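A look at the structure
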Amino acid sequence: MTTIAVLGAGKIGEALLSGLLSAGRRPEDLLFTERYAQRAAELTERYGVRAVDTATAATDADVLVVAVKPQDIEVLLDTLATAVTPGTLVVSLAAGLPTALYERRLPAGTPVVRVMPNTPMLVGEAMSAISAGTHAGPEHLAVVEDLLSAVGKVVRVPERQQDAVTALSGSGPAYFFFLVEAMIDAGILLGLPRDVATQLIIQSAVGAAVMLRDSGEHPVALREAVTSPGGTTIAAVRELENHRVRAALLSAIEAAALRSAELGRAHD
Ligand SMILES: NC(=O)c1ccc[n+]([C@@H]2O[C@H](COP(=O)([O-])OP(=O)(O)OC[C@H]3O[C@@H](n4cnc5c(N)ncnc54)[C@H](OP(=O)(O)O)[C@@H]3O)[C@@H](O)[C@H]2O)c1
C-alpha cells in the first residue's frame, strides 16, 4: 500500500486529504504535516489521519505532496534536502514552482511531478494539470493522476505549458465568479431583488456548466440553440460583441500567463 504525506495541510492540503479518504484510501496510509499543533489536532480528530514532522513524512511516505505556499518552500526544502529517501515521489501543488527548483535541492534522481490545481478542489471538482520533471516517468504521472482524480479531473501537459494552464484553469474560477457577480448586478439594474438575481444566475451557471461537461456539444452549438432569430439572446450577444468581451478575455488570459511566467522567473 502506498503511503502519502501531505506537507502543509491548509485549504488545498485538507481538501486533498478529505478527497483521498472519500475515494477509499485508509487513514493509516495517509500522513500530514502542519505548523500549528492545534490545527494538526483538529485535522487528526476530523479525519483520523496522523500528523508528523517533515523529516518523518519524508522517511515514512512513498509520495510527498507539497501543499505549502510558494513563499514557504525554501524552509521546507531545507529539511527535505537531507530527509528524502531515494525513489520517493515528490508532487508539487505550489503554484509557479518549477520542477527544476526541487531537482536542484533534492537527492539526485528524485522524481518530481508539478501540478497546477484550482480552488474547486475544495468541492471535489478541481481541474489539475500535471507535468513530469526530468526524473519522473509515465508510472509517476499515473500515480499522481490516480491521487488527483479523487478531487476532480486531471490532464497531462508539458511543463512549458504550465503558465498557460495557470492563466486558464488556475485563475479560471475567478473569471467565472467575476462574470456571475456582473450578471447579478444586471439583475439588480433590472429591478430584481438581490437574492432572486443571485439564485437565477448561480443556477444558470451550474446548469450551463453541467451541459458543457455532459452534453458532448460544442459551446457554440449550445449557445446557438438558445439564440433564436430576432430574439432576446442575440440582442444581448450583439452588445457583448460591441463591447469586445471576447477580445477582453483573450487579453486578460494572456496577461495572466505573462504574469505567471514573470513570477516563475523569480525561482529560476
Ligand atoms: N488555493 C488555491 O486556489 C490554489 C490553486 C492552485 C494552487 N495552489 C497552491 O496550493 C498550495 C497551498 O495553497 P492553500 O491555499 O492551501 O494555502 P494555505 O491554506 O496557506 O495552506 C498552506 C499550509 O501549509 C502550512 N505550512 C507552511 N509551511 C509549512 C511547513 N514547513 N511545514 C508544515 N506546514 C507548513 C501552512 O501553515 P501556516 O498556516 O502556519 O502558514 C498552511 O496551513 C500553494 O502553494 C498554492 O500555490 C492553491
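Computed from a predicted model, the values in this text were never measured in an experiment.

**Description of a nonpolar patch on the surface**
- A contiguous nonpolar surface patch, about 320 Å² in accessible area, is contributed by F176, L179 and M183.
- Inspection of the secondary structure puts L179 in helix α8 (residues 172-189).
- Given the relative accessible area of 45%, L179 is considered partly exposed.

**Some details on the pairing of strand β2 (residues 30-33)**
- Across the two faces of β2 the burial is the same, with L30 and F32 and L31 and T33 all buried.
- Here strand β1 (residues 4-7) runs beside β2; their pairing, made up of four bridges, is parallel. When the sheet's bridge partners are listed, I4 is paired in β2 with L30.
- You can see the chain leave β1, run along helix α1 (residues 11-22) and come back into β2, and the turn it takes is right-handed.
- Summarising the sheet, β2 and strand β3 (residues 50-51) pair through two bridges and their orientation is parallel. Counted as the bridge partner of F32 is A51 from β3.
- Remark: the β2/helix α2 (residues 37-47)/β3 crossover connection has right-handed handedness.

**Describing the side chain of T110**
- Examined against the element boundaries, T110 turns out to sit in the loop between α5 (99-105) and β6 (112-116).
- Under the relative-accessibility criterion, T110 is labelled buried at 3%.
- Aside from chain neighbours lying at most four places away, what touches T110 is V84, T88, V90, E103 and H135.

**Regarding the packing of helix α7 (residues 162-170) against α8**
- Interaxial distance between α7 and α8 falls to 5 Å at its minimum, and their mutual angle equals 30°. It follows that α7 is roughly parallel to α8 by the angle criterion. Residue-level inspection shows A167, L168, S169 and G170 of α7 in contact with α8, the latter providing G172, P173 and Y175.
- Broken down by class, the residue content of the contact of α7 with α8 amounts to four nonpolar, three polar and no charged.

Calculation criteria
- Residues numbered from 1 in each chain as written.
- Predicted model: local features only at pLDDT ≥ 70, side-chain atom pairs only at ≥ 80, totals over all residues.
- Heavy atoms only, no water.
- Patch = residues over 30% accessible without salt bridge, like charges linked within 9 Å, V, L, I, M, F, W, Y side chains within 5 Å.
- Areas by Shrake-Rupley, 256 points an atom, 1.4 Å probe, with all protein chains shown as cover.
- Salt bridge = Lys/Arg side-chain N within 4 Å of Asp/Glu carboxyl O.
- Helix = DSSP H or I, 4+ residues; strand = E, 2+ residues; numbered from the N terminus.
- Buried < 20%, exposed > 50% of the residue type's maximum accessible area, 1.4 Å probe, protein only.
- Pairing = 2+ DSSP bridges.
- Right-handed = clockwise from strand over helix to strand, strands pointing away.
- Contact = heavy atoms within 4.5 Å.
- Axes fitted to C-alpha atoms, helices over the stretch in contact; angles between N-to-C directions.
- Parallel < 35°, antiparallel > 145°, perpendicular 65-115°, else oblique.
- Nonpolar A, V, L, I, M, F, W, Y, C, P; charged D, E, K, R; others polar.

It is worth stressing that arrangement in space is one thing and function is another; only the former is reported here.
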